[in-house]
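Fold and geometry: a report
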Amino acid sequence: MSAEVRAGRTSAMLPAAGGMDPAITGLLKTALEKGVVDAVLLPMEVPSGDSFAWILMKDPALAGDARAMAPVMPVQGALALRSLTRKGEGSLRVLALMRPCEVRAARELSKLGQVKTGNLLLATWDCPGAIPMKDYIADPAAAQERFAGMLAAGEPLAGGVKPSCMSCIDFSMTDADLHFCTFGGTGGSVPVLAGSPEGQRFLDSLGLEAGADLVAWEERISEKRDARLAARQTAFRETGGKVAGFQGMLSVFADCIGCRNCRAACPICYCRLCYFDSETAKPDPDAFLDAAAIRGGVSLPANRLLFHIGRMTHMSLSCVSCGQCSDACPVDIPVADVFSFVGHRTREAFEYAAGRNDGLPLPLRTFEKTEPAGIMEQVRDAEPGGHSHD
Amino acid sequence: MSREFAPRITSFLCKWCSYTGADLAGTNRFQYPVSIIPIQVMCSSRVDPVFLIKAFLGGADGVLMGGCHPGDCHYETGNYHARRRFAIVREIFDSLGLESGRLRLAWISASEGPKFAQVAREYTEQIRDMGDNPTRRSLFL
Amino acid sequence: MTSIAMAIEASAAVRELLEWLLSNGRADAVLTPRRSAETGSCDLALITSARDLTDAEPFQPVMTANAGQPLSAASMSGKRLAAVLKPCELRAFTERVKREQGSFDRVLTVSTVCDGVFPLERVAAGELDRLLPGCHESASGGETASGVRETCAACEGFVPMNADISVSRTEGGCLLHLHSARALERLEGFGGDRIEAEPDREVLARMLETRSAAKAELFRSIGGSGGLDGLVDLFGRCVGCHGCSRVCPICYCLACDFESAGLESDLPHFQAILAERGGLRLPPDTILFHLGRLTHMSFSCVGCGMCSDVCPAGIRVAAVFRRTGEGTAALFGYVPGRDVSEPIPVTVFKEEELGDIG
């Protein structure tokens, strides 16, 4: 990480005597005033005071009223970017400040042609996690306090954030156009990294003091990442145990009512008409009744496990473990845990990392004559009589 | 409300009656305010009630739907359906305390140039008194 | 009315009936709520064999889906079905049949006076076993169980409309009331002697009083004179997942208008709004969706409350839709689910009506 930072990424210091959040929104307000960008996308508290919404703002005054780092993530930022740019980014130069997982999702959507990044500056911050939406709504004031504490501590509080956040190792993503090193905000200033020439131009045009001492920050990030990595190993082990075998999956998804909230909250699932809700996938009533006879009854709505495993097949390679699916589930199924666990394994097999600005195609859109070892092994295992199982 | 406020009234006018009536007002020089922004539709039943809502939320100070008199619809029954749909949207607005006065349906025939001008003038005054639509300033819609 | 007296509790009695219907070839399949012995989860099950009914809980106070929805596809199969439906589910199914999404042919409907269902959140949290005893107690006294969905507590439609069979509780068990020729025919040979019996009207009257008062309070509490600000307060937290629409039994469109390319905004549109307002919410059209959905289906809203239950932001969708829906239905003297031959208000018109419009 240090090498990357030293190689080509420039940094600046943002004065933040009055607090990091106002410093960042203040910077973006200035950017609007100076015409460095035409609009910024930031969270703003909703009038009822118990949630946040993404607001695309042209008026600098609005940027002053917005929040840089919302404690809660009601809408995955990539969904906002999708709605803005899907039909083309046009001439509006926009800076979007989001959590790393939101930018990573936007990168995947970019590969899917659903987000156009041509006129988009993507900015991230070191994220300590997000408060679960229901918890935030129940007591916004307490949740704000918890979040402020976590931001200062540079880490999530167990039970205080979405479970996915505990295991997130991408919380400090530095390949965005801009990255605010909020875990390094000390002594009244915040380091800002430029991850691209566009990001650099942005910093230059705002006249920030160049150069930042990042050593302490890097160390802190490294330490926090180790902790999250350990948490992730534990989470994967636990989840792997829970879903093992058919009974495992049945048990984890037993309460599913087929509402599709998980899919709707997912930034990657962009299909207007999901295959699993289409006429093609509709069960034939006769086949249905036959199945009922054989299995001792069929649960309705039908094919819920097919939906989940099918959705996994379609998108888990691009899963950025943002945890929105679990947050949206009305019956508290740990969807994100399962999808993250499975996604991790399949990505490893394809040697693919989701959310990178790497120009690499999505694994299912390409092929190699000789695939990575993990894939070749899977295929060999599946060949009848071809491979012995010891 | 300030006299500078220039109401914008998105108007869906059916081709056979109300739009032609509006044209007639124009050719005969019956004065009516520029507040009316006419959109021609083949029939008032072409107006998806969601258009009315979209216009309202989009910041139109008034939304006018013009059709043939009941019984005179060029397509026989279109305006009867339009009338029911309008009633539903108005009821929804009333039940939620939204200003249903900003929605207006008028039966104006092709020959009723003066009537069109009168409706346009009266409605514009009404909207002027109501002031501009607060949706114009809302970020959270 | 022609009835059968049973000396066992209502849910058990219906289980026995369903077993009998399957064993005696009077139904190819039955649709009933079920509680899995294995996982403790509740769901709706389509069952073809009597021996598979052991986990059936016909009247359990849980609604994982408004049964009118899954019954639709099954009812178009041409098979003889028997379906256990709560009154709102039967009303919803009726509304769906009007929209050609289901058929009453060969479907025997079984319902009962409904005491309400518990929110899914509580069921998922494992509270059902703790809540059930209190629920049974309240029911026998004609009281609404505490902790049910707020729209259930305020539901005046708790007596089934047009069920083939309705079940009412008695001191020693229950009564199965046979309302239709289909009921008489399909149940021939089942249970004891046919008697003339009525449900306890006094209990029903007491329940109606309680529910009506609760409804008035519900409607008052959800506001309605809040105007634009009030609307933004109510729906400001909406994340646009459209879960409410997906679980709504009336919203049957596979390709919803509000998810279509036709209503999708593009950059010129965004720029126009930015020029005027200085800012706009993304994704756009949050309020449009709700007002639009009210326009499309509010007059058919049966008040089941699935929408509120599924909302990840805890918005009281059902209360708003129920309140506004009562208004839009009343415009035409319409009652959703009352009569399958009563046309949906937007499909018909009267030449003389709504005289104050235009």
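Residues numbered from 1 in each chain as written. Chains lettered and ligands numbered in written order. Predicted model: local features only at pLDDT ≥ 70, side-chain atom pairs only at ≥ 80, totals over all residues. Heavy atoms only, no water.

Let us look at the overall build of chain A. If you tally the helices and strands in chain A, you get 17 helices and 9 strands. Against the compact-globule benchmark of 21 Å for 390 residues, chain A has a radius of gyration of 22 Å, which places it among compact chains. With the C-alpha coordinates of chain A rotated into their principal frame, the extents come out at 70 × 50 × 40 Å. Each of the 390 residues in chain A was classed as buried or not, and the buried ones make up 55%. Partitioning the contacts of chain A with sequence separation of at least 6, the portion at a separation of at least 24 is 74%. Just so you have it, chain A exposes about 16400 Å², and 53% of that area is on carbon and sulfur atoms. (Helix = DSSP H or I, 4+ residues; strand = E, 2+ residues; numbered from the N terminus. Rg over C-alpha atoms; globule rule 2.2 N^0.38 Å. Buried < 20%, exposed > 50% of the residue type's maximum accessible area, 1.4 Å probe, protein only. Contact = heavy atoms within 4.5 Å. Areas by Shrake-Rupley, 256 points an atom, 1.4 Å probe, with all protein chains shown as cover.)

Take the interface of chain C and chain A next. At the interface, 57 residues of chain C touch 61 residues of chain A. A combined buried area of about 4800 Å² lies between chain C and chain A, and 61% of that area is made up of carbon and sulfur atoms. When the buried area of chain C at its contact with chain A is split by residue, L46, L254 and L282 of chain C rank highest and sum to 13% of it. Along the contact surface separating chain C from chain A lie 4 salt bridges. Between E264 of chain C and R86 of chain A there is a salt bridge, with the nearest N and O atoms lying 2.8 Å from each other. The interface formed by chain C and chain A holds 18 residue pairs in polar contact (both at pLDDT 80 or more) in total. Bridge count for strand β9 (residues 298–300) of chain A against strand β3 (residues 42–47) of chain C is 3 bridges, and the pairing is antiparallel. Of the residues in β3 of chain C, the one forming a bridge with S299 of chain A is A45 of chain C. (Buried area = accessible area lost by both parts, 1.4 Å probe. Salt bridge = Lys/Arg side-chain N within 4 Å of Asp/Glu carboxyl O. Polar contact = N/O pair within 3.5 Å; in protein donor to acceptor, adjacent residues only side chain to side chain. Pairing = 2+ DSSP bridges.)

Okay, the packing of aromatic side chains next. Summed over all chains, the structure comprises 13 aromatic pairs over all chains. On the numbers, 5.8 Å between centres and 80° between planes, the contact of F258 of chain C with F289 of chain C is edge-to-face. Note that F258 of chain C is positioned in the loop between α10 (243–247) and α11 (267–277) and F289 of chain C in helix α12 (residues 286–297), a separation of 31 residues in sequence. We note that F258 of chain C, like F289 of chain C, is buried. Positioned above the aromatic ring of F171 of chain A, the side-chain terminus of R228 of chain A is 4.1 Å from the ring centre. Positioned above the aromatic ring of Y123 of chain B, the side-chain terminus of R104 of chain B is 5.8 Å from the ring centre. (Phe/Tyr/Trp six-rings, centres within 6.5 Å; stacked < 30°, edge-to-face > 60°. Lys NZ or Arg CZ within 6 Å of the ring centre and 35° of its normal.)

Moving on: the sheet that holds strand β3 (residues 52–57) of chain A. Ordered in space as β8(A)-β1(A)-β7(A)-β6(A)-β5(A)-β4(A)-β2(A)-β3(A)-β9(C), the 9 strands form an open sheet in which the pairing is mixed. With one partner strand each, in any of the chains shown, β8 (209–210) of chain A together with β9 (279–282) of chain C form the two edges of the open sheet. Of the strands in this sheet, β2 (39–45), β3, β4 (94–98) and β5 (120–125) of chain A together with β9 of chain C are in contact with helix α4 (residues 77–85) of chain A, which crosses β4 of chain A at around 165°. Seen against the sheet, helix α9 (residues 197–205) of chain A touches β1 (10–15), β4, β5, β6 (178–180) and β7 (189–194) of chain A and runs at an angle of roughly 140° to β7 of chain A. (Axes fitted to C-alpha atoms, helices over the stretch in contact; angles between N-to-C directions.)

Residues and elements named next belong to chain A. Assigned domains within chain A: domain 1 (2–234) and domain 2 (243–386). For domain 1 and domain 2, the distance between their C-alpha centres works out to 29 Å. Each partner contributes to the interface: domain 1 provides 26 residues, whereas domain 2 provides 29 residues. Taking both partners together, domain 1 and domain 2 bury about 2200 Å²; carbon and sulfur atoms supply 47% of that area. The largest contributions to the domain 1 side of the interface with domain 2 come from E108, K111 and L112, which together make up 29% of the buried area. The shortest N-O distance in the salt bridge between K111 and D358 comes to 2.9 Å. Across the contact surface, domain 1 and domain 2 share 15 residue pairs in polar contact (both at pLDDT 80 or more). Contributing elements (two or more residues each) for the side of domain 1 that touches domain 2: α4, α5 (100–111), α6 (133–138) and α8 (163–166). Sort the elements by how many residues they give to the side of domain 1 that touches domain 2 and α5 lands first, with 7 residues. (Domains from an automatic or database assignment.)

All names here are of chain B. With 19 residues, helix α3 (residues 78–96) extends 28 Å from end C-alpha to end C-alpha; this agrees with the ideal 27 Å at 1.5 Å per step. Burial analysis of α3 places 16 of its 19 residues in the buried class, which makes it a mostly covered element. Of the residues one or two after α3, G97 is the one with positive phi, at around 75°. (Expected span 1.5 Å × (residues − 1).)

Here we take up the nonpolar core. By size, the foremost hydrophobic cluster in this structure holds 215 residues, and its most contacted members are L41, L56, L95, L97 and F202 of chain A together with L291 of chain C. Sort the elements by how many residues they give to this core and α3 of chain B lands first, with 8 residues. Residues contacting L95 of chain A, with those up to four places away along its chain left out, are L28, V37, A39, V40, L41, L121, A123, L178 and F202 of chain A. Core analysis: the next-biggest nonpolar cluster, separate from the first, contains 30 residues, M6, A10, V30 and A82 of chain C among them. (Core = buried A, V, L, I, M, F, W, Y, C linked by side-chain atoms within 4.5 Å.)

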